[in-house]
Amino acid sequence: MMQSAKRPVLTQLSSGDLGYLVTQVRNQVLASIERELAPLQLTAAQFVVLNILINGRGRTLSEFCKLIGYDSGAMTRLLDRIESKGFIRRVENPSDRRSYLVELTDAGTAIFPQARAGTQRALGGLLAGFSEDDATLLRDMLQRILVNASET
């Protein structure tokens, strides 16, 4: 009986395995974060918004859309849900009366350290058993994929 030759890993990855693995990793990362944030009544996507605000990376709907990759309708719905929990508020944009700025409320600022700790626990658990060299290699390979993606 003839055994079929095993395809090289690079061929396997470029034939669809890369997309599958990245999707599965993304799903598990989000699920782990969701479990940690559930007691705080936050989702992973809601935490991302709080994180963007606390780090000063965005304040407008279009900035959030660009950073998160949501369309304006989905982003508006996400902001609505966070605002209903009292973690953010929308204020008039003094430089463009047609839009608004998003800012953290005191409640959003207060919950953020707990939410960040939860995400760190989740991500730390996913990196269990990784050495510093493993983590460096993982980061470098993911960054290389991002560079390759930006060049295509």
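Keep in mind that what you see is a predicted model, and the values were worked out from it rather than measured.

In this structure, the largest pocket spans a volume of roughly 1,000 Å³. Taken together, 19 residues make up the lining of the largest pocket; nearest its centre are Val25, Arg26, Val29, Leu138 and Leu142. When residues of the lining of the largest pocket are traced back to their parent elements, those giving at least two are helix H1 (9–37), helix H5 (106–126) and helix H6 (132–151). Of the residues forming the lining of the largest pocket, the biggest block, eleven residues, is contributed by H1.

Here the focus is the packing of helix H3 (residues 61–68) against helix H4 (residues 72–84). Two elements in contact, H3 and H4, have axes whose closest approach is 10 Å; the angle formed by their N-to-C orientations is 105°. Between H3 and H4, the interaxial angle falls into the category roughly perpendicular. Between H3 and H4, the contacting residues are Leu61, Phe64, Cys65 and Ile68 on the first element and Ser72, Met75, Thr76 and Leu79 on the second. Of the residues contributing to the contact of H3 with H4, the split by class is six nonpolar, two polar and no charged.

Moving on: the pattern of salt bridges. Per the stated rule, a full pass over the model turns up seven salt bridges. With a shortest N-O distance of 3.4 Å, Glu103 and Arg59 are connected by a salt bridge. Of this pair, Glu103 sits in strand E2 (residues 100–104) while Arg59 sits in the loop between helix H2 (44–54) and H3, and the two are 44 residues apart along the sequence. We note a salt bridge from Asp80 to Arg90, for which the minimum N-O separation is 2.7 Å. Within this pair, whereas Asp80 is found in helix H4, its partner Arg90 is found in strand E1 (residues 88–92), the two being separated by ten residues in sequence. Judged by its relative accessible area of 35%, Asp80 is partly exposed. In this structure Arg90 comes out as partly exposed when scored by relative accessible area, which is 23%.

Cut-offs used in this document
- In this convention, every chain numbers its residues from 1, walking through the sequence in written order.
- Given that this is a predicted model, residues contribute local features only at a pLDDT of at least 70 and side-chain atom pairs are listed and counted only at 80 or more, while totals for whole chains, interfaces and linings are drawn from all residues.
- Side-chain calculation: all heavy atoms of the structure are included, whereas hydrogens and water are not.
- Using protein atoms alone on a 1 Å grid, points that fit a 1.4 Å probe yet trap it form a cavity, whereas open point sets bounded by protein on both sides within 12 Å along at least five of seven lines form a pocket; residues with an atom within 4 Å of a point count as lining.
- Grid points are joined across faces, edges and corners, and a volume is the space filled by probe spheres set on the points.
- Per the convention used, a helix needs a DSSP run of H or I reaching at least four residues, while a strand needs a run of E reaching at least two, with both numbered from the N terminus.
- Every angle, taken between N-to-C directions, lies between 0 and 180 degrees, and every axis is a line fitted to C-alpha atoms, over only the stretch in contact when it is a helix.
- With respect to orientation, any angle under 35 degrees is reported as roughly parallel, any angle over 145 as roughly antiparallel, any angle of 65 to 115 as roughly perpendicular, and every other angle as oblique.
- In this analysis, two residues are considered to be in contact whenever any of their non-hydrogen atoms come within 4.5 Å of each other.
- Classes in brief: Ala, Val, Leu, Ile, Met, Phe, Trp, Tyr, Cys and Pro nonpolar; Asp, Glu, Lys and Arg charged; the others, Gly included, polar.
- For this document, the term salt bridge refers to a Lys or Arg side-chain nitrogen within 4 Å of an Asp or Glu carboxyl oxygen.
- A 1.4 Å probe rolled over the protein chains alone gives each residue an accessible area, and that area as a share of the maximum for its type sets the label: buried under 20%, exposed over 50%, partly exposed in between.

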